[in-house]
Every structure is written in C-alpha cells, then in structure tokens.
Amino acid sequence: GKDSHEYGMLYDYLDFVTSLSWKTKEQSEINLQEAEEILDEDHYGLKKVKERIIQQLAVMALNKKQSGSILLFVGAPGKTSIGQSIARALHREYVRISLGGIRDEAEIRGHRRTYVGAMPGRIMEGMKRSKAQNPVMVLDEVDKLAKDYGGDPASALLEVLDPEQNKLFSDNYLEEPYDLSKVM
C-alpha cells in the first residue's frame, strides 16, 4: 500500500528518473559576436579569460559538436559568474555544483537503492535541477575534494569529465547509463 517503505522509495526513484532530460534539444547556432558582447557586459577586464572562452566557443561552433569542452578557471572569485555568462551566451541552462569537502565517492556517483536513504550523486542531482541534457555546469571547489574511507571521489569525477567515458556515466542510484557528453 501507499504506507509501505518500498512505495516511498519507488516514488522517489520514478520522480527522479522522470525529472531528468533524456532528449537532446537541438543546439542553437553559436553566435560568437553575441557571446563576446555578453561576456563584456557581464565582466569588466579579464581580457585573456574572455579570449580563451571565445576560442573554445569558436571550436565548438566549427566542429558542430561539443565533446570534451571543459574549461578550468583558477584564481580570484568570479569564476561562478563567468559560468553563468557562458550559459547565457550559449542560451543554455546553468547549474552549479559545489564539491568542497566531498570525501565519499557516493556523493559523486550516488548510492545504490538498496541503502536506506539512498540518493543520487551530486552530478545527476544537478542534471535534474538543470532540466536539460546540455547545461553549462560549474563544478565549484574541485580543489577541495578529499579522499577518505568512502572511496576516491576524484576518480569518480574523472569519469564525469572524461569524454571517452562520460557518454555512459553510471550513477548507482539511477542504475541507467546517462549521457553527460553534451554538458559543458
């Protein structure tokens, strides 16, 4: 019946799976001039950073695909808002995931549903929040990932980022391969 523990678990699982975007929206053409204007509007200075972003967008526009588009920003605060600008320039959803203090691999890859209180990992949780298959995802505080008895979150993160592996990212909670290759 509705009161059973299994009912709640199954409901949560189905709610999660159906909230994810499984279809790729047609990617709109990348307008480099518009992207440049948006970056200039949102960020004063940072000339080299903005040039590098425009280079990346130009490569994506030429290749008509986006696999392997990872940008690493190091330095002063403001990295998150650059991510928001990139999303705006590409007409995509934006999602931010903080990785600070994650010690357990399950935080990236999710828990198996046999565990009490099982949850999806932060990556798939972010995908659910974005309601898109191709958001711009900012992984914040990557440098603050820790290693613990709960496995190696950094190697789980590598599976998320590696273009050879992320087409079939496997979250333990979802138990279905999910394509992360459209995420920037």
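Structure's up top.
As a starting point, this report considers the structure included with it. (Residues numbered from 1 in each chain as written. Predicted model: local features only at pLDDT ≥ 70, side-chain atom pairs only at ≥ 80, totals over all residues. Heavy atoms only, no water.)

**Topic: the packing of helix α2 (residues 32–42) against helix α4 (residues 79–90)**
Thought 1: Here α2 crosses α4 at 150 degrees, and the two axes come no closer than 9 Å. Comparing the axis directions of α2 and α4 gives the class roughly antiparallel. In the crossing of α2 with α4, the sense of the turn from one axis to the other is right-handed. Residues Ala35, Ile38, Leu39, Glu41 and Asp42 of α2 lie in contact with α4, whose contacting residues are Ser85, Arg88 and Ala89.
Thought 2: Its residues assigned to classes, the contact of α2 with α4 comprises four nonpolar, one polar and three charged. (Axes fitted to C-alpha atoms, helices over the stretch in contact; angles between N-to-C directions. Helix = DSSP H or I, 4+ residues; strand = E, 2+ residues; numbered from the N terminus. Parallel < 35°, antiparallel > 145°, perpendicular 65-115°, else oblique. Left-handed = near helix turned anticlockwise from the far one by under 90°. Contact = heavy atoms within 4.5 Å. Nonpolar A, V, L, I, M, F, W, Y, C, P; charged D, E, K, R; others polar.)

**Concerning unusual backbone geometry**
A negative phi angle is the norm for most residues apart from glycine, just as the trans form is the norm for most peptide bonds.
Thought 1: A positive phi angle, close to 50 degrees, is found at Leu46, a residue other than glycine.
Thought 2: Here Leu46 is to be found in the loop between α2 and α3 (47–63).
Thought 3: In the Ramachandran plot, Glu175 falls in the positive-phi region, its phi being about 60 degrees despite a non-glycine side chain.
Thought 4: In this structure, Glu175 sits in the loop between β3 (169–170) and β4 (177–178).

**Some remarks on helix α1 (residues 5–19)**
Thought 1: An ideal rise of 1.5 Å per residue puts 21 Å on 15 residues; α1 measures up with 21 Å between its terminal C-alpha atoms.
Thought 2: Residues of α1 that are buried include every one of Tyr13, Phe16 and Val17, and no others. Along the axis of α1, the buried residues cluster in a sector spanning 95 degrees; they form a single face. (Expected span 1.5 Å × (residues − 1). Buried < 20%, exposed > 50% of the residue type's maximum accessible area, 1.4 Å probe, protein only. Arc of directions from axis to C-beta.)

**So, the packing of aromatic side chains**
Thought 1: All chains considered together, the criterion is met by four aromatic pairs.
Thought 2: Each member of the aromatic cluster is reached from another via a ring pair, and the members are Tyr13, Phe16 and Tyr173.
Thought 3: Above the plane of the ring of Tyr13 lies Arg113, whose end atom (NZ or CZ) is 3.7 Å from the centre. (Phe/Tyr/Trp six-rings, centres within 6.5 Å; stacked < 30°, edge-to-face > 60°. Lys NZ or Arg CZ within 6 Å of the ring centre and 35° of its normal.)

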